[in-house]
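# Coordinate analysis (summary)
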Amino acid sequence: MTIDKIKSILPPSYVITNKSDNQKQLFVVQKYNGLEIAKYVFDLDYDNQHFKLDEYQDKYIAKDYFDSEGNLQWNYYLIFLRSSLPATLKKNIEKDETFARKFVFTYQELEDHLNYEKADSIVEENIVEKWKLELKKNDLQEVFSNEPYTQAVPRYLENKTKKVTELNPIDVEPDKAQDFMLDGISNIKLTDDYRKFPERRSFDFGKVNLICGPNGVGKTSLMEGIELVITGNNARNENDLPSNGAIDAKYEVNLEELADSYSNNIPKFKARNYYWYKASYNKQKSNTLHHSFNRYNFYNSDSAYHLSNNTNSNLLTPYLTAIALGTEFGAVRDRMMGFRKRLGDELANLNSNLEREQGLIKNAQEQKEALKKISNPEKIFDKFLDEAKIIKWLKVLPSTISDSSINFEKDYDLIKGLLNSLVHSKVGKESDAIDKLSNLESLKKDLEAKESEKENLRGQLKIEKKQANELEQNLKLLDEALSYLDNPEAFKIETIDEEIKALEKSILKVDVFLSEIAKLNISDINSSSHSFIDFRENQEEFLKLKESELGRSQAQLKIVKNALDKVKSIIVDIKYYGKEYIEAKQDLSECPLCETPHTKSELEAKIQTKYDDKESSKDIEIFNKSIDLLEKQILEVKSKLTRLKSYEGILRGFFPVDISSMKITELTILKEKEERQLALSKKELDELKSLSLDLRLKGYDVNDLIELKRNLASKYNDYSFTPENKFQFESLKKSEQKSFDDNKEKFDSVKNKIEEIDGIISELIKDKYDLERYEEQLNFEIKEVQSYKNYFSDLHKYIDFERDDFIIELRHNLENLYKTFKNFKEQKVKFEELNLANKIIDESNEKIKKYQPKITRAESALQVLHKLITEDSEDVVLDDFFKKNESEISEIFTNIHSPQEFSRLSFSSGQILLHKKDSSTEVPISQISTGQRSALALSVFLALNKKLTNGPNLIIFDDPVTYTDDLNILSFLDYLRSIVINESRQVVFATASNKIAKLFEKKFAFLNTDFKKYELSRG
């Protein structure tokens, strides 16, 4: 991992301040408006997995950490760049809280972490608004009202629904005065007409605002006050509204201040909902701006708490829905489902009542029709008894018209059922049933014998087919083997990737080695014929000599200066340095001491004259020049020693030999040899890559070859799969092909025998049964004919008849008997029934007139409700939401959840799934930690907030992470910090936790005057 690569992904606000001697640690600061707000250490030792974290931090972080002041200590980050790391080690590193927050990233993960992504989509369609329009269009506006079901449903059925009260005529389109971008809130003032708490009544807000204090001091009241003045209502305490003027506010709009005051002005808030959140605009006298505001700007802490802490997995999706789609979605959907259930119950009752009344009318009309003709009941009764004797009735009959006829009616119903069954059968008389049963049983016996024979042949056919499949697989395997044997070069597909990888690694090592040497500029060292040891000793001796000379010169200079009097010494110094000043200054026009006008040449002449006049001045000048020369020589030697040390270190790290005693020129020859070998290696790499591509284009694959070898070893262990054995495999294929052909002959022979038997069976059942189901059909027919035979036996108990008597005639006679009996009963009650029938018809018609319009309205409403509920079901809408927002939510979630074990999330089969980084494991939301579920809820909300293009640049949190662990809190605050830096969002954050308040302040105090903190209390 190179430093240049890291530089390429650092955002402009990140500045590299230093790097370690071995180039493995990079020190970076993040700046905001010129201030340092965070410090980073990037560890680039990509392959190093063996280090002690405590010692590492003491070496690279501790001193700078303790030298830093204030809140900067809370914003230290240590990032290890690693391609892979044992899971336990990674977890232990990221959990460690000493000095700095720790992350273990791949290069791509680091790039994603550093680069803040703004949302590129806009606010989606408000599904609730769509529902309301459709409901209102169908006179179902009471569905999204608070009217009780017991009143609203009956009113709808009776076409007496409460109509939506229309606004004044001026409210025909949105008020354009509300089409403004709310950049922030500069002040909120709560009057005495608002709630009792908080005791503080006026708040000036900055870009980030912390509201803290224990429970009960008015934090939530302040948050809801902001919500009320902006939206006109509260989501938590809906319609619990203060008096007009109870809250005053000042907004920041286009760098200007806009005053506002709470009032129950529905057109104003409807217009804001239209302009800010793209809600539909109509004349409905209701305000739903607070639902949009709570979805996009005011974090729903209640639903988030339940989502994080609920152990019932079935309830997690509704809580997630409340966060993602807003609380109004669930409320209106529940009302639609409640209406649908109650209307469904009402419709079922109405249809049941209608059917009952229609049945009563039909029966009554039939009775009236039958009552038109009157006959003598006595004569009809005598006729009934005569007809009973004719058909040879064997059971007891009533003797007089007053006797009970219940037994006769029961006997008649039983006999009629038997006769109807026989009439609809395929037998006309009892003797037919006996003969048919005998023929069917004989046919069954013949068919069973043939089926047994066929079953034995099928077993044999199955064995042959299994063998054929095995032989066919063997031939396929041998064909694949021969494709490699025909092209021996294809065997190289198994090792070529490893060869390429090894060669690339070798080339990279030499490239890095040569690149590091090139950076050192060692041309003055390479020309030496000495060894490293001799060269270093010579330079060190030379350094000591020059340092000794420097010391002597400085001492002698001191003696000369002391020999002069103090004033003279000063004058000499002034003249000496004056001479240097004149030489360095190009545009000099006056004396630098007295400011007398002189040309540069005049000043040079004066200085030179006076300077040359005195012997002591000459000595001082000589010593000063000597000292300057010595100091330059010392610096050059030190530089050469430093570069020599680095050069020696690079060579020792590359060559596996002791280079101390080797001549530098010899090592130069080794380096040039490596350069020549590098060119050869690169050529070889190109050839290997070309061969690899060619083999793959021809369809060869390493996994296929491995699988082929495994299968050949399993099937043909005695044959070695090498190009030399091609002839053996060709002979083997011929042998297997012959076996396959022999097997096919046997298979076809058995198959022909089965077909012969099938032909015999087909002939036996020809034109009688279906070939595929004849057993079932034959057994059914035998059972059926047997039941007919039993029916005849039962009939003999009631009527005396012969076996050759036709059933149709028996039934005809019985029906005539019952018709006479029925006529007799009807005449007895004719006049009584006539009056009753007329009464029933009148009453039922009156009821039907009331039922019919209600049924029509109920059916229409149910159709509308069913369409809305099914087409826009919770799963469908939530699935659509996550498809549209998956990338934004995933990007935020992977940044703020800890430990960072998930790479993305998705929605499937009605539940959220999280995907682990290092595997394909999918984890449902019910199985992740409380802190991670809290992070997911925040991710959904922040993704929605980032979508706003016209809505308020405001985010409100009321105790969002109270029950979350420290690492997830820190991750969330870090991400919130990146939003504040990168977006124009104003943040109002309330918490009852002192710990969270302190962490929040540490993270945002860098804003200085743009950070406001209010500690609320009760006096």
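What you are looking at is a predicted structure, and each value in this text was computed from that prediction instead of being measured.

## Observations regarding the pairing of strand β8 (residues 208-212)
The buried fraction of β8 is high, at five of five residues. Of the two faces of β8, both are covered, the one formed by V208, L210 and C212 as well as the one formed by N209 and I211. Relative to strand β15 (residues 986-991), β8 is paired through five bridges, and the arrangement is parallel. Its bridge partner lying in β15, I211 is registered against A990.

## A word on the pairing of strand β10 (residues 256-261)
Relative to β10, strand β9 (residues 247-253) runs antiparallel, the two being bridged by six bridges. If you follow V253 over to β10, its bridge partner there is E256.

## Let's talk about the pattern of salt bridges
Oppositely charged side chains may form a pair once their charged atoms are brought near each other. Taken as a whole and assessed by the stated rule, the structure comprises 46 salt bridges. We note a salt bridge from D260 to K268, for which the minimum N-O separation is 3.2 Å. Across this residue pair, the class does not change: D260 and K268 are buried. Residues joined in a network through salt bridges with shared partners are E142, E147, R155 and K162.

## Describing the environment of K751
Structurally, K751 is set in helix α25 (residues 726-764). C-alpha separation for the pair K751 and N835, spaced 84 residues apart in sequence, amounts to 79 Å.

## Topic: the sheet that holds strand β16 (residues 1011-1015)
In space, the four strands of this open sheet follow the order β14-β15-β8-β16, with parallel pairing throughout. Strands at the two margins of the open sheet, each flanked by one partner only, are β14 (954-958) and β16. Ignoring strand direction, the axes of neighbouring strands in this sheet form an average angle of 10°. Of the strands in this sheet, β8, β14 and β15 touch helix α31 (residues 966-982), which is tilted by about 155° from β15.

## Structural notes on the UniProt feature "coiled-coil region" (unreviewed entry) in the protein chain
According to UniProt, the "coiled-coil region" (unreviewed entry) feature falls on residues 340-374, 430-481, 664-691 and 771-827. The span residues 430-481 is 100% helical and 0% strand by assignment, and the distance between its end C-alpha atoms comes to 75 Å. A distance of 41 Å separates the end C-alpha atoms of residues 664-691, which is 100% helix and 0% strand.

## Some thoughts on the packing of helix α9 (residues 266-277) against helix α10 (residues 289-296)
Two elements in contact, α9 and α10, have axes separated by 9 Å at closest approach and are oriented at 35°. Side by side, α9 and α10 meet where F269, R272, N273, W276 and Y277 of the first sit next to L289, S292, F293 and Y296 of the second. Here the residues of the contact of α9 with α10 sort into six nonpolar, two polar and one charged.

## Quick notes on the sheet that holds strand β2 (residues 25-32)
Within the open sheet, the five strands sit side by side as β1-β2-β3-β4-β5. Their pairing is mixed. Edge positions in the sheet fall to β1 (14-19) and β5 (101-105), since each of these pairs with one other strand and no more. In this sheet, neighbouring strand axes are inclined to one another by 25° on average, regardless of whether the strands run parallel or antiparallel. Relative to β5, strand β4 (residues 76-81) runs parallel, the two being bridged by five bridges. Counted as the bridge partner of I79 is F103 from β5.

## Some words on the layout of surface pockets
Taken as a whole, the largest pocket encloses approximately 1,600 Å³ of empty space. In terms of residue class, the lining of the largest pocket is built from 13 nonpolar, ten polar and 17 charged.

## Some details on the packing of helix α8 (residues 219-231) against α9
Direction vectors running N to C along α8 and α9 enclose 90°, while the axes themselves pass 9 Å from each other. If you check the angle between α8 and α9, you find them roughly perpendicular. Contacts between α8 and α9 involve L228, V229, I230 and T231 on the former and, on the latter, F269, R272 and W276. Considering only residue class, the contact of α8 with α9 consists of five nonpolar, one polar and one charged.

## What about the packing of aromatic side chains?
As enumerated under the stated definition, the model contains 48 aromatic pairs in all. An angle of 50° between the planes, with centres 4.9 Å apart, marks the rings of Y56 and Y60 as tilted. Residue Y56 and its partner Y60 are both found in helix α2 (residues 53-60); the two are separated by four residues, about one turn of the helix. Overall, Y56 belongs to the buried group, its relative accessible area being 9%. Assessed through its relative accessible area of 16%, Y60 is described here as buried. A centroid spacing of 6.3 Å and a plane angle of 35° characterise the contact between F1000 and F1011, whose relative ring orientation is tilted. Taken together, the positions of F1000 in helix α32 (residues 994-1004) and F1011 in strand β16 put the pair eleven residues apart, joining distant regions of the chain.

## A short note on the environment of L914
Following the sequence through the fold, L914 ends up in strand β12 (residues 911-916). For L914, a relative accessible area of 0% translates into the label buried. Through-space distance from the C-alpha of L914 to that of E846 is 62 Å; in sequence the pair is 68 residues apart. If near-sequence neighbours (up to four positions away) are discounted, L914 is found in contact with F893, F902, R904, L905, T921, E922, V923, P924, I925 and I928.

Conventions we followed
Throughout, a residue's number is its position along its own chain's written sequence, starting from 1. Local features in a predicted model are, by the rule used here, given only for residues with pLDDT of at least 70; side-chain atom pairs are given and counted only at 80 or more, and totals for whole chains, interfaces and linings are based on all residues. Side-chain descriptors were evaluated using all non-hydrogen atoms of the structure, hydrogens and water having been removed beforehand. Burial classes: relative accessible area under 20% of the type maximum marks a residue as buried, over 50% as exposed, and values in between as partly exposed (1.4 Å probe, protein chains only). Segments assigned H or I by DSSP are reported as helices when at least four residues long, segments assigned E as strands when at least two residues long, and all are numbered from the N terminus. Strand pairing is assigned whenever DSSP identifies at least 2 bridges connecting the two strands. By convention in these notes, a salt bridge is any Lys or Arg side-chain nitrogen within 4 Å of a carboxyl oxygen on Asp or Glu. The angle between two axes is taken between their N-to-C directions and runs from 0 to 180 degrees, where each axis is a line fitted to C-alpha atoms and a helix contributes only its stretch in contact. Two residues qualify as a contact provided that any one of their heavy atoms is within 4.5 Å of a heavy atom in the partner residue. UniProt positions are given in the numbering used here, feature names are shortened, and annotations may be inferred rather than shown by experiment. Residue classes follow a fixed rule: Ala, Val, Leu, Ile, Met, Phe, Trp, Tyr, Cys and Pro count as nonpolar, while Asp, Glu, Lys and Arg count as charged, and any other residue, Gly among them, counts as polar. Here a cavity denotes grid points, spaced 1 Å and computed from the protein atoms alone, that fit a 1.4 Å probe unable to get out, and a pocket denotes an open set having protein on both sides within 12 Å along at least 5 of 7 lines; residues with an atom within 4 Å of a point are the lining. Grid points are joined across faces, edges and corners, and a volume is the space filled by probe spheres set on the points. In these notes the angle categories are as follows: under 35 degrees is roughly parallel, over 145 is roughly antiparallel, 65 to 115 is roughly perpendicular, and the rest is oblique. Here a pair means two rings of Phe, Tyr or Trp (six-membered ring of Trp) with centres within 6.5 Å. Their orientation is stacked below 30 degrees between planes, edge-to-face above 60, and tilted elsewhere.

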